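Chain and residue survey
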Amino acid sequence: MTKVALRPYALLPRQYDERKVLASTIDPWGRALWLICPDARFPYRWGGRDVPAPAKLPFNALVVISDRGQVRERTLHGVAAEPKAFDALPGGGFILSGDGGPNAPSGQIFGPDGRSRRRLRLGTRLTHLVSDRRAGFWTGYAEEGIYGGDPVSAGGLVHWDSQGNRSGGLYPPKPHHQLAGINTVNVSASTARASYWPGAPLVETRSSGILRIHALPVSDPFGLAVRGDRLLLLGGNERGTDPATRVSTLRQIRLAEDGAVVVGRQELVFPNGDPVRRYARPVCRGPHIFLRTLRTMRQWWVLTAP
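**Comments concerning the sheet that holds strand 7 (residues 59-67)**
- The antiparallel open sheet is built from four strands, whose spatial order is 3-4-7-8. Because the sheet does not close on itself, it has two edges, and the strands there are strand 3 (21-26) and strand 8 (70-79). Between one strand and the next, the sheet's axes are offset by a mean angle of 20°, whatever the strand orientation.
- Judged from the five bridges that link them, strand 3 and strand 4 (residues 32-36) form a sheet pairing that is antiparallel. Within strand 4, the position partnered with Ile-26 by the bridge is Ala-32.

Written out as C-alpha coordinates, the structure reads:
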(Lines give C-alpha, C1' and ligand atoms only; values in the text may rest on other atoms or scores of the structure.)
Protein backbone atom coordinates (compact mmCIF):
# COMPACT_ATOMS: atom_id res chain seq x y z
CA MET A 1 0.00 0.00 0.00
CA THR A 2 1.42 3.39 -0.98
CA LYS A 3 1.81 6.14 1.61
CA VAL A 4 0.53 9.71 1.62
CA ALA A 5 2.01 12.32 3.95
CA LEU A 6 0.14 15.02 5.81
CA ARG A 7 1.30 18.58 5.16
CA PRO A 8 1.77 21.18 7.93
CA TYR A 9 -1.01 23.76 7.69
CA ALA A 10 -1.06 26.12 10.66
CA LEU A 11 0.84 26.62 13.91
CA LEU A 12 -0.15 28.62 16.97
CA PRO A 13 2.53 31.31 17.47
CA ARG A 14 4.73 30.67 20.46
CA GLN A 15 3.76 33.91 22.22
CA TYR A 16 0.43 32.22 23.09
CA ASP A 17 0.13 29.61 25.84
CA GLU A 18 -0.93 26.40 24.09
CA ARG A 19 -1.91 24.79 27.41
CA LYS A 20 -4.77 27.30 27.76
CA VAL A 21 -6.37 26.57 24.38
CA LEU A 22 -9.96 25.38 24.95
CA ALA A 23 -10.88 24.67 21.32
CA SER A 24 -9.48 25.03 17.83
CA THR A 25 -10.74 24.68 14.26
CA ILE A 26 -10.22 25.63 10.62
CA ASP A 27 -12.98 28.00 9.54
CA PRO A 28 -14.78 28.23 6.14
CA TRP A 29 -12.18 30.69 4.82
CA GLY A 30 -9.25 28.41 5.65
CA ARG A 31 -8.17 30.38 8.71
CA ALA A 32 -6.90 28.54 11.77
CA LEU A 33 -8.68 29.59 14.97
CA TRP A 34 -7.67 28.99 18.58
CA LEU A 35 -9.91 29.88 21.53
CA ILE A 36 -7.83 30.70 24.61
CA CYS A 37 -8.88 31.15 28.24
CA PRO A 38 -6.35 33.49 29.92
CA ASP A 39 -7.43 32.37 33.41
CA ALA A 40 -7.56 28.58 33.01
CA ARG A 41 -7.44 25.69 35.45
CA PHE A 42 -6.51 22.10 34.59
CA PRO A 43 -8.98 19.67 36.22
CA TYR A 44 -7.80 16.50 34.45
CA ARG A 45 -5.47 15.01 31.86
CA TRP A 46 -6.63 13.22 28.70
CA GLY A 47 -5.01 12.14 25.45
CA GLY A 48 -1.56 13.07 26.69
CA ARG A 49 -2.33 16.69 27.60
CA ASP A 50 -3.66 18.69 30.53
CA VAL A 51 -7.21 19.70 29.63
CA PRO A 52 -7.94 23.36 30.46
CA ALA A 53 -11.21 24.77 31.74
CA PRO A 54 -12.28 28.32 32.68
CA ALA A 55 -11.68 29.15 36.32
CA LYS A 56 -15.13 30.77 36.39
CA LEU A 57 -18.09 31.61 34.18
CA PRO A 58 -18.64 33.93 32.44
CA PHE A 59 -15.18 34.88 31.18
CA ASN A 60 -13.54 36.77 28.33
CA ALA A 61 -11.89 34.51 25.75
CA LEU A 62 -9.14 35.37 23.30
CA VAL A 63 -9.51 34.19 19.70
CA VAL A 64 -6.24 33.90 17.79
CA ILE A 65 -6.74 33.93 14.02
CA SER A 66 -3.99 32.78 11.66
CA ASP A 67 -4.73 33.67 8.04
CA ARG A 68 -1.90 32.48 5.76
CA GLY A 69 0.71 33.63 8.22
CA GLN A 70 -1.01 36.86 9.27
CA VAL A 71 -2.06 36.70 12.94
CA ARG A 72 -4.90 38.72 14.49
CA GLU A 73 -6.68 38.69 17.84
CA ARG A 74 -10.33 39.02 18.80
CA THR A 75 -11.92 39.04 22.25
CA LEU A 76 -15.21 37.29 23.00
CA HIS A 77 -16.85 39.03 25.96
CA GLY A 78 -18.98 37.16 28.48
CA VAL A 79 -18.48 33.55 27.38
CA ALA A 80 -21.12 31.77 29.46
CA ALA A 81 -20.25 28.12 28.75
CA GLU A 82 -17.17 25.96 29.01
CA PRO A 83 -16.32 25.74 25.29
CA LYS A 84 -15.97 22.39 23.57
CA ALA A 85 -16.20 23.58 19.95
CA PHE A 86 -16.47 26.86 18.05
CA ASP A 87 -16.31 28.30 14.55
CA ALA A 88 -16.49 31.57 12.64
CA LEU A 89 -19.80 32.64 11.11
CA PRO A 90 -20.66 34.50 7.90
CA GLY A 91 -20.65 38.20 8.68
CA GLY A 92 -17.77 38.14 11.16
CA GLY A 93 -19.33 36.56 14.24
CA PHE A 94 -18.67 33.28 16.06
CA ILE A 95 -20.70 30.30 17.24
CA LEU A 96 -19.64 28.43 20.38
CA SER A 97 -20.87 25.18 21.92
CA GLY A 98 -20.10 24.06 25.45
CA ASP A 99 -21.27 23.18 28.92
CA GLY A 100 -22.94 25.98 30.82
CA GLY A 101 -24.28 23.90 33.68
CA PRO A 102 -27.62 22.13 34.31
CA ASN A 103 -30.46 23.34 32.05
CA ALA A 104 -28.30 26.15 30.63
CA PRO A 105 -28.24 26.73 26.86
CA SER A 106 -25.19 25.04 25.34
CA GLY A 107 -24.78 27.44 22.39
CA GLN A 108 -23.75 31.07 22.26
CA ILE A 109 -23.50 33.41 19.26
CA PHE A 110 -21.16 36.40 19.23
CA GLY A 111 -21.32 39.34 16.85
CA PRO A 112 -18.41 40.86 14.91
CA ASP A 113 -17.74 43.12 17.92
CA GLY A 114 -17.18 40.08 20.15
CA ARG A 115 -20.31 40.75 22.22
CA SER A 116 -22.78 38.01 23.00
CA ARG A 117 -25.82 38.20 20.73
CA ARG A 118 -27.77 35.10 21.68
CA ARG A 119 -27.72 31.99 23.82
CA LEU A 120 -29.49 28.94 22.39
CA ARG A 121 -30.00 25.25 22.88
CA LEU A 122 -27.93 23.19 20.45
CA GLY A 123 -29.23 19.80 21.57
CA THR A 124 -27.54 16.98 23.45
CA ARG A 125 -24.59 14.75 22.50
CA LEU A 126 -23.38 17.18 19.87
CA THR A 127 -20.39 15.71 18.00
CA HIS A 128 -20.01 18.12 15.05
CA LEU A 129 -20.14 21.90 14.79
CA VAL A 130 -19.16 23.23 11.34
CA SER A 131 -20.08 26.59 9.82
CA ASP A 132 -20.39 27.41 6.14
CA ARG A 133 -19.54 30.49 4.08
CA ARG A 134 -23.02 31.59 3.10
CA ALA A 135 -25.86 30.52 5.34
CA GLY A 136 -24.87 29.63 8.90
CA PHE A 137 -23.70 26.43 10.56
CA TRP A 138 -24.39 22.70 10.92
CA THR A 139 -24.55 20.48 13.99
CA GLY A 140 -24.35 16.67 14.04
CA TYR A 141 -25.25 14.31 16.88
CA ALA A 142 -24.50 10.91 18.34
CA GLU A 143 -27.05 8.15 18.91
CA GLU A 144 -27.78 9.14 22.51
CA GLY A 145 -28.83 12.59 21.34
CA ILE A 146 -30.86 11.46 18.33
CA TYR A 147 -32.89 8.96 20.36
CA GLY A 148 -32.72 10.69 23.73
CA GLY A 149 -35.91 12.72 23.39
CA ASP A 150 -34.27 16.06 22.56
CA PRO A 151 -36.19 17.59 19.61
CA VAL A 152 -33.08 19.39 18.35
CA SER A 153 -30.75 16.37 18.40
CA ALA A 154 -33.46 14.21 16.81
CA GLY A 155 -32.70 16.00 13.53
CA GLY A 156 -29.39 14.12 13.31
CA LEU A 157 -27.72 16.76 11.13
CA VAL A 158 -29.26 20.18 11.75
CA HIS A 159 -28.79 23.42 9.84
CA TRP A 160 -28.95 26.85 11.54
CA ASP A 161 -28.74 30.35 10.11
CA SER A 162 -26.10 32.76 11.37
CA GLN A 163 -28.58 34.23 13.90
CA GLY A 164 -29.16 30.81 15.48
CA ASN A 165 -32.52 29.97 13.96
CA ARG A 166 -32.99 26.28 13.18
CA SER A 167 -34.00 25.61 9.58
CA GLY A 168 -34.46 21.83 9.58
CA GLY A 169 -32.87 18.46 10.22
CA LEU A 170 -31.89 15.37 8.27
CA TYR A 171 -34.73 12.91 7.73
CA PRO A 172 -33.59 10.61 4.89
CA PRO A 173 -36.10 8.69 2.77
CA LYS A 174 -36.24 4.90 2.52
CA PRO A 175 -34.14 2.77 2.17
CA HIS A 176 -31.65 5.10 3.93
CA HIS A 177 -34.11 6.33 6.56
CA GLN A 178 -32.43 4.77 9.62
CA LEU A 179 -30.21 7.41 11.22
CA ALA A 180 -28.42 6.56 14.45
CA GLY A 181 -25.40 8.86 14.44
CA ILE A 182 -23.36 11.20 12.26
CA ASN A 183 -19.85 9.90 11.51
CA THR A 184 -18.31 12.73 9.54
CA VAL A 185 -19.41 16.04 8.02
CA ASN A 186 -17.86 17.91 5.09
CA VAL A 187 -19.07 21.47 4.52
CA SER A 188 -18.29 23.63 1.47
CA ALA A 189 -20.12 26.82 0.51
CA SER A 190 -23.67 26.09 1.74
CA THR A 191 -23.64 22.33 1.04
CA ALA A 192 -23.02 19.65 3.65
CA ARG A 193 -22.09 16.05 2.93
CA ALA A 194 -22.30 13.58 5.77
CA SER A 195 -21.90 9.88 6.35
CA TYR A 196 -24.02 8.27 9.02
CA TRP A 197 -24.83 4.88 10.45
CA PRO A 198 -26.15 2.22 10.44
CA GLY A 199 -25.11 1.17 6.97
CA ALA A 200 -22.86 3.30 4.80
CA PRO A 201 -24.91 6.10 3.21
CA LEU A 202 -23.44 9.42 2.11
CA VAL A 203 -25.97 12.26 2.00
CA GLU A 204 -25.56 15.59 0.22
CA THR A 205 -27.86 18.25 1.61
CA ARG A 206 -28.49 21.97 1.88
CA SER A 207 -30.70 24.04 4.14
CA SER A 208 -33.47 23.56 1.55
CA GLY A 209 -33.33 19.75 1.80
CA ILE A 210 -31.58 16.59 0.62
CA LEU A 211 -30.02 16.68 -2.84
CA ARG A 212 -28.92 13.06 -3.22
CA ILE A 213 -27.82 9.95 -1.30
CA HIS A 214 -25.19 7.39 -2.30
CA ALA A 215 -24.53 3.99 -0.71
CA LEU A 216 -20.80 3.74 0.00
CA PRO A 217 -18.61 0.61 0.16
CA VAL A 218 -17.04 2.02 3.38
CA SER A 219 -18.89 2.59 6.65
CA ASP A 220 -18.03 4.76 9.67
CA PRO A 221 -15.25 6.92 8.16
CA PHE A 222 -13.58 9.53 10.36
CA GLY A 223 -12.84 12.04 7.60
CA LEU A 224 -14.22 12.95 4.18
CA ALA A 225 -12.81 15.07 1.33
CA VAL A 226 -14.76 15.80 -1.86
CA ARG A 227 -13.57 16.76 -5.34
CA GLY A 228 -16.19 16.44 -8.07
CA ASP A 229 -17.34 12.81 -8.25
CA ARG A 230 -14.35 11.61 -6.21
CA LEU A 231 -14.23 11.12 -2.46
CA LEU A 232 -11.32 10.57 -0.13
CA LEU A 233 -12.30 8.68 3.04
CA LEU A 234 -10.11 8.50 6.12
CA GLY A 235 -10.58 5.39 8.27
CA GLY A 236 -13.73 3.31 8.36
CA ASN A 237 -14.60 -0.27 7.47
CA GLU A 238 -14.66 -1.55 3.90
CA ARG A 239 -17.03 -4.32 2.94
CA GLY A 240 -15.30 -7.60 2.17
CA THR A 241 -11.99 -6.68 3.84
CA ASP A 242 -10.46 -6.90 7.31
CA PRO A 243 -13.26 -5.81 9.71
CA ALA A 244 -10.78 -4.06 12.03
CA THR A 245 -10.85 -0.27 11.63
CA ARG A 246 -7.51 1.27 10.68
CA VAL A 247 -7.60 4.98 11.41
CA SER A 248 -4.75 5.70 8.96
CA THR A 249 -6.25 3.99 5.89
CA LEU A 250 -7.25 6.23 3.00
CA ARG A 251 -9.67 5.08 0.32
CA GLN A 252 -10.37 6.87 -2.93
CA ILE A 253 -14.01 6.48 -4.00
CA ARG A 254 -15.59 7.18 -7.36
CA LEU A 255 -19.29 8.06 -7.31
CA ALA A 256 -21.69 7.05 -10.05
CA GLU A 257 -25.46 7.25 -10.44
CA ASP A 258 -25.85 3.58 -9.52
CA GLY A 259 -23.38 3.43 -6.62
CA ALA A 260 -19.79 4.00 -5.54
CA VAL A 261 -16.59 1.98 -5.90
CA VAL A 262 -13.16 2.00 -4.25
CA VAL A 263 -10.53 2.95 -6.84
CA GLY A 264 -7.47 3.26 -4.59
CA ARG A 265 -6.10 2.57 -1.12
CA GLN A 266 -3.29 4.37 0.68
CA GLU A 267 -1.76 4.79 4.12
CA LEU A 268 -1.63 8.18 5.88
CA VAL A 269 1.67 9.14 7.55
CA PHE A 270 3.31 12.24 9.00
CA PRO A 271 5.90 14.08 6.88
CA ASN A 272 8.72 12.18 8.62
CA GLY A 273 7.13 8.84 7.70
CA ASP A 274 5.76 8.00 11.15
CA PRO A 275 2.34 6.33 11.04
CA VAL A 276 -0.75 8.33 12.02
CA ARG A 277 -2.23 6.27 14.85
CA ARG A 278 -4.48 8.72 16.72
CA TYR A 279 -6.02 12.10 16.02
CA ALA A 280 -8.82 14.37 17.15
CA ARG A 281 -12.03 14.62 15.15
CA PRO A 282 -11.07 16.06 11.74
CA VAL A 283 -12.41 19.25 10.22
CA CYS A 284 -13.50 18.49 6.64
CA ARG A 285 -14.04 21.22 4.06
CA GLY A 286 -14.39 20.57 0.33
CA PRO A 287 -11.27 18.74 -0.92
CA HIS A 288 -9.45 19.10 2.42
CA ILE A 289 -9.27 17.09 5.65
CA PHE A 290 -7.66 19.05 8.49
CA LEU A 291 -6.16 17.03 11.34
CA ARG A 292 -4.55 17.61 14.69
CA THR A 293 -3.25 15.09 17.20
CA LEU A 294 -4.74 14.51 20.64
CA ARG A 295 -1.58 15.64 22.41
CA THR A 296 -1.53 19.22 21.19
CA MET A 297 -3.88 22.00 20.09
CA ARG A 298 -0.99 23.93 18.55
CA GLN A 299 -0.45 22.21 15.20
CA TRP A 300 -2.84 21.66 12.30
CA TRP A 301 -2.08 19.35 9.36
CA VAL A 302 -3.89 19.03 6.04
CA LEU A 303 -4.65 16.23 3.61
CA THR A 304 -6.04 17.14 0.18
CA ALA A 305 -7.97 14.93 -2.21
CA PRO A 306 -6.05 14.40 -5.47
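**Quick look at the packing of aromatic side chains**
- Applying the stated criterion across every chain yields a total of five aromatic pairs.
- Between Phe-270 and Trp-301, the aromatic rings sit 5.4 Å apart at their centres with planes inclined by 65°, giving edge-to-face as the arrangement. Placement of the pair is Phe-270 in the loop between strand 25 (259-269) and strand 26 (283-285) and Trp-301 in strand 28 (residues 299-304), with a sequence separation of 31 residues.
- Of note, Arg-19 hangs over the ring of Phe-42, and the distance from its end group to the ring centre comes to 4.0 Å.

**A short note on the pattern of salt bridges**
- Across all of its chains, the model carries 13 salt bridges by this definition.
- Ionic pairing is found between Glu-204 and Arg-193, a salt bridge with its closest N-O pair at 3.6 Å. Here the residue Glu-204 occupies a position in strand 18 (residues 201-206), and Arg-193 occupies one in strand 17 (residues 191-197), the gap between them amounting to 11 residues. Grouping residues by exposure puts Glu-204 and Arg-193 together as buried.
- The salt bridge involving Arg-212 is made with Glu-204; its shortest N-O contact spans 2.8 Å.
- For Arg-212, a relative accessible area of 41% puts it in the partly exposed group.

**Concerning the side chain of Glu-238**
- Within the element layout of this structure, Glu-238 appears in strand 23 (residues 237-238).
- Take Glu-238: its relative accessible area is 9%, and that puts it in the buried class.
- At 2.7 Å, the side chain of Glu-238 and the side chain of Arg-251 are in polar contact.
- Side chain to side chain, Glu-238 and Arg-265 meet in a polar contact 2.4 Å long.
- The residues touching Glu-238, leaving out its near neighbours within four places in the chain, are Pro-217, Val-218, Arg-251, Val-262 and Arg-265.

Calculation criteria
- Residues numbered from 1 in each chain as written.
- Predicted model: local features only at pLDDT ≥ 70, side-chain atom pairs only at ≥ 80, totals over all residues.
- Heavy atoms only, no water.
- Pairing = 2+ DSSP bridges.
- Helix = DSSP H or I, 4+ residues; strand = E, 2+ residues; numbered from the N terminus.
- Axes fitted to C-alpha atoms, helices over the stretch in contact; angles between N-to-C directions.
- Phe/Tyr/Trp six-rings, centres within 6.5 Å; stacked < 30°, edge-to-face > 60°.
- Lys NZ or Arg CZ within 6 Å of the ring centre and 35° of its normal.
- Salt bridge = Lys/Arg side-chain N within 4 Å of Asp/Glu carboxyl O.
- Buried < 20%, exposed > 50% of the residue type's maximum accessible area, 1.4 Å probe, protein only.
- Polar contact = N/O pair within 3.5 Å; in protein donor to acceptor, adjacent residues only side chain to side chain.
- Contact = heavy atoms within 4.5 Å.

That's the geometry; what it means functionally is another story.
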